[in-house]
Amino acid sequence: MPRYPDSAKDAPVTLDDAEVFWRDLQPFLKERGYQLRRRYRPGWVPAWTQRKTSLYWWEFEDSVKARHPSVMDAKCADGSTVILKRVRNSEHPMEVEITQYLSSFADKKNHSPQLKDVLIVPNDDDLRILVFPLLRRFDDPEFDTIGEAVDFFRQIFEGTQFLHHQHIAHRHVHLCRDLGILNILMDTSMFPEGFHPAAPSMTRDFKGKAKYKARINPPALLYHRFGLSIRYEDTEKPTLASPVRGQDKTVPEFVQGLDGTYDPFPTDVYYLGNFIREHFFEGKDDVSAKRGLDFMHGLVEDMCAIDPLARPQIDNVVERFEILCKALPASSLKARLRSKKEGVLKSVSLDVAHWSKQLR
């Protein structure tokens, strides 16, 4: 259960500006078949202020705020949960178009989420609400085995390859937890009983921990957020764009500034390689570096080459990756993905438990 300060002054008894937007839009959304949570309905009064109870305010479901100002969850008439994302065309002119275009492909290599609906907001022609299935952070729960990490790499390489074959540069493959920005998500197949969309460790009714099953059948990994993406015509050469700086500030071609033009496809390869390097090899934010992925280092190093022309194209990345994977013995794929922060005794203990489970 989430931990909050035990103080009434910290209780979210009022909505912030972003939340007010969603509350005011609730009647329109309800007409379209999307019901927001109790917190975002007109006339909401915090449940913890309405009755005497031994529970703390943060144990009430309506104390949970949306995880990002532009994103909200909603219930459909059939009981399913969807995610609503607001997009301003003037700020992200290609996001709706690219999302709709990708959603039209029934291809297993297409790792973009299904777009269920596009709503035009009343009295604001510039604003759209995109409706997606409920998704979840790609590493929650964490990867258990090296094989699970390998499947993750395969899917994100395949997804990038599909985008590039459609002449789309994503331009923002990165993870920034501080801003709640997640561009790589997974489906909810590991959680057959569901979970709370704004507090994913909890059940939907907020009465306990959400239960999940192992990644025996790996969940589908999906690219999200195409606000910075760009799509070219088949015959458009060269594929040049004006630089945009996303959350990854380490792109070598942007270090000297954002003047001129650049080819965004080699930069996509850098974003992808640096994401793997930071998240898996070095550790970042609350994620520790991992052991057992040395076979990937050479490929990732080439993907992060300072000279964009020295980086492999995504087709070559996929080809080299598959060659690397074929050389891995089955026992390596089943081995536990260890954290570099583990001490020897803890590592041995976890290994014993892991292999006992694997050999059952």
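Residues numbered from 1 in each chain as written. Predicted model: local features only at pLDDT ≥ 70, side-chain atom pairs only at ≥ 80, totals over all residues. Heavy atoms only, no water.

1. Concerning the overall build of the protein
- From N to C terminus, the protein includes 8 helices and 11 strands.
- Overall, the C-alpha framework of the protein stretches about 60 × 55 × 40 Å when taken along its three principal axes.
- Classification of the 360 residues of the protein by burial places 49% in the buried group.
- For the protein, the accessible area works out to roughly 18500 Å², and carbon and sulfur atoms hold 51% of it. (Helix = DSSP H or I, 4+ residues; strand = E, 2+ residues; numbered from the N terminus. Buried < 20%, exposed > 50% of the residue type's maximum accessible area, 1.4 Å probe, protein only. Areas by Shrake-Rupley, 256 points an atom, 1.4 Å probe, with all protein chains shown as cover.)

2. Things to note about the nonpolar core
- If you look at the biggest cluster of nonpolar residues, it comprises 56 residues, and the most contacted ones within it are Phe152, Phe153, Phe157 and Ile276.
- Contributions of two or more residues to this core are made by α2 (95-103), α3 (146-165), β6 (168-169), β9 (184-186), β10 (221-223), α4 (264-282), α5 (297-303) and α6 (314-326).
- Leave out the neighbours within four places in its chain, and Ile276 touches Phe153, Ile156, Phe157, Phe281, Met296 and Val300.
- Among the nonpolar cores identified, the runner-up in size contains 26 residues, and Phe21, Tyr34, Trp57 and Leu84 belong to it. (Core = buried A, V, L, I, M, F, W, Y, C linked by side-chain atoms within 4.5 Å. Contact = heavy atoms within 4.5 Å.)

3. With respect to the packing of α3 against α6
- In contact at an axis separation of 9 Å, α3 and α6 are set at 155 degrees when each is read in the N-to-C sense. Our classification of the angle between α3 and α6 gives roughly antiparallel. As for the relative orientation of α3 and α6, their crossing is left-handed in sense. Where α3 abuts α6, its residues Val150, Phe153, Arg154, Phe157, Thr160, Gln161, His164 and His165 lie against Ile314, Asp315, Val317, Val318, Phe321, Glu322 and Cys325. (Axes fitted to C-alpha atoms, helices over the stretch in contact; angles between N-to-C directions. Parallel < 35°, antiparallel > 145°, perpendicular 65-115°, else oblique. Left-handed = near helix turned anticlockwise from the far one by under 90°.)

4. Some details on the state of the cysteines
- Under the counting rule described, the total for this entry stands at 0 disulfides.
- The closest cysteine sulfur to the non-disulfide-bonded Cys304 is located on Cys325, 17 Å from its own sulfur. (Disulfide = S-S within 2.5 Å.)

5. Regarding the side chain of Arg215
- Residue placement: Arg215 occurs in the loop between β9 and β10.
- For Arg215, a relative accessible area of 8% gives the class buried.
- At 2.4 Å, the side chain of Arg215 and the backbone oxygen of Pro141 are in polar contact.
- If near-sequence neighbours (up to four positions away) are discounted, Arg215 is found in contact with Phe138, Asp139, Asp140, Pro141, Glu142, Phe143, Glu148, Met186 and Met190. (Polar contact = N/O pair within 3.5 Å; in protein donor to acceptor, adjacent residues only side chain to side chain.)

6. Observations concerning the sheet that holds strand β1 (residues 71-75)
- In space, the 4 strands of this open sheet follow the order β1-β2-β4-β3, with antiparallel pairing throughout. The open sheet terminates on both sides in strands that have one partner only, identified here as β1 and β3 (117-120). Sheet twist, expressed as the average angle between the axes of neighbouring strands with direction ignored, equals 30 degrees.
- In terms of strand pairing, β1 meets strand β2 (residues 81-88) through 5 bridges, oriented antiparallel. Residue pairing in the sheet places Val71 in a bridge with Lys85 of β2.
- Sheet strands in contact with helix α1 (residues 17-31) are β1, β2, β3 and β4 (127-133), and its direction is about 115 degrees off that of β2.
- On top of the sheet, α2 reaches β2, β3 and β4; it is set at about 30 degrees to β4, its chief contact. (Pairing = 2+ DSSP bridges.)

7. Topic: the sheet that holds strand β5 (residues 136-137)
- The 3 strands are arranged β5-β9-β10 in an open sheet whose pairing can be described as antiparallel. Bordering the open sheet on either side are β5 and β10, each of which pairs with just one other strand.
- Across the sheet, α3 lies against β9 and β10, angled at about 35 degrees from β10, the strand it touches most.

8. Thoughts on the environment of Phe157
- Turning to its location among the elements, Phe157 is positioned in helix α3.
- Owing to a relative accessible area of 1%, Phe157 belongs among the buried residues under this scheme.
- For the pair formed by Phe157 and Asp62, sequence separation is 95 residues and the distance between their alpha carbons is 39 Å.
- With sequence-adjacent residues up to four places away left out, Phe157 is seen in contact with Leu272, Ile276, Met296, Leu299, Met303, Ile314, Val317, Val318 and Phe321.

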